[in-house]
Amino acid sequence: MDSNKQKLEKERVILVEGKDAERFFICSLNKYQIDDVQIIDFGGVNQLQNAIGVLVNDSRYDQLKTVVIARDAEKDYNSAIQSIQSSLEKHHLPVPSF
Amino acid sequence: MLGEIPEKRILQLPEYIPNYNLPISSGFVINNPKSDKETTSEKLPVSAALRMQYLHNNTSNIEAHITISNGALQIISPIQSQQMPPVIILTLRTRENAIDLARRFGDIDNIGGQERIIDFLRILEPDLKGLSIAVLGNMPIIHANVGLSRKIPIAYTGDGLTRLLSMILSIVACKDGIVLIDEIESGIYYSKLPLIWKAISKAAKEFNCQIISTTHSYECMQAITEGLEDDEKDDFLYVRLDKKDEAISAKNYPYPLFESAILNNWEIR
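Residues numbered from 1 in each chain as written. Chains lettered and ligands numbered in written order. Predicted model: local features only at pLDDT ≥ 70, side-chain atom pairs only at ≥ 80, totals over all residues. Heavy atoms only, no water.

> Explain the interface of chain B and chain A here, please?
The parts lose accessible area when they come together, and the size of an interface is often stated as this lost area. Contact residues are listed per partner, giving 16 residues for chain B and 18 residues for chain A. Note on chain B versus chain A: buried area summed over both sides is about 1,500 Å², and carbon and sulfur give 52% of it. Among the residues chain B hides against chain A, the three largest losses belong to Leu 257, Trp 266 and Glu 267 of chain B. Together they make up 41% of the total. Here chain B is connected to chain A by one salt bridge. (Contact = heavy atoms within 4.5 Å. Buried area = accessible area lost by both parts, 1.4 Å probe. Salt bridge = Lys/Arg side-chain N within 4 Å of Asp/Glu carboxyl O.)

Set out below in structure tokens:
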């Protein structure tokens, strides 16, 4: 079994934008001794929709309980929120309202 | 999976039927070196079959039976064989049958198709100048001109070119049809896989042939992202079979999803 491939391993996931955010969240979880959350880098904002699709298709998706999405609001907070909502809708996931 | 999906929708998962006799009088045989297509007219005793139900052109509910008999895959359907697309299956056992390869190449060469075949093969072997058939020990063998002082049996050029030739000949022979390739990467050096995908996707597009292939190789899947041209990506679909308990479900990855998974090193086998 190839162990260096990325896969769903925990019931709680934080999808983050980029390597810096990934390292920040991993260090934060270590600091607070939280070990039941998986950090996944989805790349850039344009890749979020596909990253969610890959997650939904994962063989362990039905064990997933919570997903948090952390991305940069950039210049327009509302546009960022709409982009996340649209990505979730695309894969028939519940869409939180703000 | 490359190419347009035929207008058939499977209504239920295939059902295994042991101790089965074929009840329908028309059908055709594929993957048989002697006869790619033939009609049966009487009940044939076979040991087992898969029964499938599907919608044909969204109008009629068709029941087909699939069996393996004498090494050939047989599809028995009430639809006249002329209406069904040509299909070739390339398994590990059949795809390097030298006689079959020579026969298929000869058929295409006879109608002036050699240059087109060589164009596809040059994607992998730029030095290839021509192919011809010569008899070695009573066996017709395809020989390749790769710029040496004499032509050599194509197998001497390496597994990759022989396998690509087998795939290309099948695609050309299956214009407007389907070619199924089992473990497409088997025996091909990993660095050549993008070129293999490039060649077969170009051939599939030109001959309007749907390619359905299987693989367990992540390298082969990575090669797809390097081998497909932009205008071929919409025709691609990766399907992963997910087994939970006894149930099997299909997870679909259109190209953007597939590429995202591969670029992020996700396990999607």
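> In this structure, what is going on with the sheet that holds strand β2 (residues 37-41) of chain A? I would like to understand it.
Sheet strands pair by backbone hydrogen bonding; their relative direction is either parallel or antiparallel. All names here are of chain A. Spatial strand order, β2-β1-β3: three strands in an open sheet with parallel pairing. Of all the strands in the sheet, just β2 and β3 (66-70) have a single pairing partner and so form its edges. The average angle at which neighbouring strand axes cross in this sheet is 20°, direction not considered. Here five bridges tie strand β1 (residues 12-16) to β3, and the two strands are oriented parallel to one another. Bridge pairing in β3 places Val 13 opposite Val 67. Here helix α1 (residues 19-31) sits on the sheet in contact with β1, β2 and β3, set at roughly 170° to β2. (Pairing = 2+ DSSP bridges. Helix = DSSP H or I, 4+ residues; strand = E, 2+ residues; numbered from the N terminus. Axes fitted to C-alpha atoms, helices over the stretch in contact; angles between N-to-C directions.)

> Explanation requested: a nonpolar patch on the surface in the structure shown.
All names here are of chain B. Among the surface-exposed residues, Val 239, Leu 241 and Ile 248 lie close enough to one another that they form a single nonpolar patch of about 270 Å² accessible area. Position of Leu 241 among the secondary structure elements: in strand β13 (residues 237-244). Residue Leu 241 is classed as exposed on the basis of its relative accessible area of 61%. (Patch = residues over 30% accessible without salt bridge, like charges linked within 9 Å, V, L, I, M, F, W, Y side chains within 5 Å. Areas by Shrake-Rupley, 256 points an atom, 1.4 Å probe, with all protein chains shown as cover. Buried < 20%, exposed > 50% of the residue type's maximum accessible area, 1.4 Å probe, protein only.)

> Explain the packing of helix α1 (residues 98-110) of chain B against helix α3 (residues 159-173) of chain B here, please?
For any two helices packed against each other, the geometry is given by the interaxial angle and the distance between the axes. Residue and element names in this part refer to chain B. The geometry of α1 relative to α3 is characterised by a closest axis approach of 10 Å and an angle of 50° between their N-to-C directions. The pairing of α1 with α3 is recorded here as oblique in orientation. Where α1 crosses over α3, the handedness of that crossing is left-handed. When α1 is examined against α3, the residues Leu 101, Arg 104, Phe 105 and Ile 108 are found in contact with a partner set consisting of Thr 162, Leu 165, Ser 166, Leu 169, Ser 170, Val 172 and Ala 173. A breakdown of the residues in the contact of α1 with α3 according to their chemical character gives seven nonpolar, three polar and one charged. (Parallel < 35°, antiparallel > 145°, perpendicular 65-115°, else oblique. Left-handed = near helix turned anticlockwise from the far one by under 90°. Nonpolar A, V, L, I, M, F, W, Y, C, P; charged D, E, K, R; others polar.)

> Mind showing me how you'd approach the pattern of salt bridges here?
Once their charged atoms are close, side chains differing in charge can pair, the charge on each being opposite to the other. A complete count under the given rule lists 20 salt bridges over all chains for this structure. Put simply, Asp 62 of chain A together with Arg 240, Asp 242 and Lys 244 of chain B are held in one network by salt bridges that share partners.

> When you look at the sheet that holds strand β7 (residues 87-90) of chain B in this model, what are you seeing that I'm missing?
All names here are of chain B. Spatially, the three strands line up as an open sheet ordered β7-β11-β12, and their pairing is parallel. Every interior strand has two partners, whereas the edge strands, β7 and β12 (210-213), have only one. Each neighbouring strand pair of the sheet contributes to a mean axis angle of 15°, computed without reference to strand direction. Sheet topology note: the strand β11 (residues 178-181)/β12 ladder contains four bridges and is parallel. Paired with Leu 180 across the bridge in β12 is Ile 212. Each of β7, β11 and β12 touches α3; the most contacted strand, β7, lies at about 170° to it.

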